[in-house]
Amino acid sequence: MKALRYHGARDVRYESMDDPTPQSDRDAIVKVTTCSICGSDLHIYHGHGFSEDLGFCVGHEAVGEVVEVGRGIQRLKVGDKVMLPAAVGCGRCRSCLSGVVNTCEYGQAGCYGLSARLQGSQAEAVRVPAADMNAVPVPEGVSMEQALMMTDALATAWFGARNAEVRPGASVAVIGLGPIGLMAVESAYVMGAHVVYAIDPLPARRALAREAGAIALSPDEAKDRIREDTKGRGLDCVIEAVGGEATVDAALRLARPRGVVSVIGVQQARRFPFPLERAFAAGLTFRVGTCSVPEELPALFPLVRSGRLKPEKYVSHRLPLSQGAEAYRLFESREAGALKMVLTPD
């Protein structure tokens, strides 16, 4: 099959690799109809990956059609249209069955496309382990592109807003307006936020947040504007969707006493100078972590079906998989309004 394979920093190639084959009777093979590039894929693209492996297939957001099932599969059948949540679990323990795959009790939590251990989904096909749980049938009323956005981006945005304890009447800031940040803006409003400040250096991304109803600010003006608007008190909830030390620090400075900071930007720093004295004195709640997509889907399906959340509107480019290298280049450089890059196998 053809796939996008990682060979080093800024070296993603469209080339052949072995077709996926079942490794267990609980596996399924899914023919990928659409996949997409996540902001966290850029960590790998920049050479700061999650393993030392080379030549593996990247990507962890995909939808497709089941083309093969193992004898142990009970819920899926060939021909089913499915979405593949980014992270997987064993599908049998209490954590996985409750939707929290990243705390799998049998140590089988993993993510597609971080190493050769579990090949990625930016390919013509992908092996899905424990597929009865890790491949989710696309429900009626949800398009395949909407489902694709829910395999990671929208679920992570919702998780970030939920971790920030956004409640009716809350004042909120979202730092970083990539696809996840923009979806976090909309999620905060759905949860009842009174006002959302959307912070990003790029004017085009701020314009999208403004269309969603947010007060869009550049990083240089955000602190003074929010201080003025809140009379120095700060905000109830802050969502950080970048993954940088400076943006995490900014989030901590924007929160009011007893406010909540939710960090969902992928972190790779081994140490961070956390302002513990200030956080302690203010009684801040600080949460950081990755989303377990299956846990968020029950809330998201009806919101997407009803049109209250429209994640597909943040797709900026639709390209053939064969142009994957160019898609990565555009995404990194943010050229031509690059926001969410969707790829379709040729």
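The name that an unreviewed UniProt entry assigns to the chain is Theronine dehydrogenase-like Zn-dependent dehydrogenase, with the source organism given as Caulobacter vibrioides OR37. For the record of the chain, the UniProt heading Sequence similarities (unreviewed entry) holds the text "Belongs to the zinc-containing alcohol dehydrogenase family." Word for word, the UniProt comment on the chain under Cofactor (unreviewed entry) is "Zn(2+)".

Undergrad: Can you walk me through helix α7 (residues 203–211) in this structure?
TA: Along an α-helix, residues three or four apart share an orientation, since each turn contains 3.6 residues. Every buried residue of α7 is listed here: R205, R206 and A209. Buried positions in α7, seen along its axis, are confined to an arc of 100 degrees and lie on one side of it. Residues of α7 that are exposed and point over 90 degrees away from its buried face: P203, A204 and E211. Packing partners of the buried residues in α7 comprise α6 (179–190), β11 (195–199) and β12 (215–217). Two residues or fewer after α7 comes G213, characterised by a positive phi angle close to 105 degrees.

Undergrad: How should I be thinking about the packing of aromatic side chains in this particular structure?
TA: What characterises a pair of aromatic rings is the spacing of the ring centres plus the angle enclosed by the ring planes. The full count for this structure, using the stated rule, is four aromatic pairs. Both rings, one in Y6 and one in F56, keep their centres 5.7 Å apart while their planes meet at 45 degrees; by these two values the pair is tilted. Separated by 50 residues along the polypeptide, Y6 in strand β1 (residues 2–6) and F56 in the loop between α1 (41–45) and β4 (62–69) bring together distant segments of the chain. With centroids separated by 6.4 Å and ring planes inclined at 70 degrees, the aromatic side chains of F272 and F274 adopt a geometry described as edge-to-face. By relative accessible area, which is 28% here, F272 ends up partly exposed. Cluster of aromatic residues (ring-pair linked, three or more members): F272, F274 and F286.

Definitions and limits used
- Residues numbered from 1 in each chain as written.
- Predicted model: local features only at pLDDT ≥ 70, side-chain atom pairs only at ≥ 80, totals over all residues.
- Heavy atoms only, no water.
- UniProt positions renumbered as here; feature names shortened; annotations may be inferred.
- Buried < 20%, exposed > 50% of the residue type's maximum accessible area, 1.4 Å probe, protein only.
- Helix = DSSP H or I, 4+ residues; strand = E, 2+ residues; numbered from the N terminus.
- Arc of directions from axis to C-beta.
- Contact = heavy atoms within 4.5 Å.
- Phe/Tyr/Trp six-rings, centres within 6.5 Å; stacked < 30°, edge-to-face > 60°.

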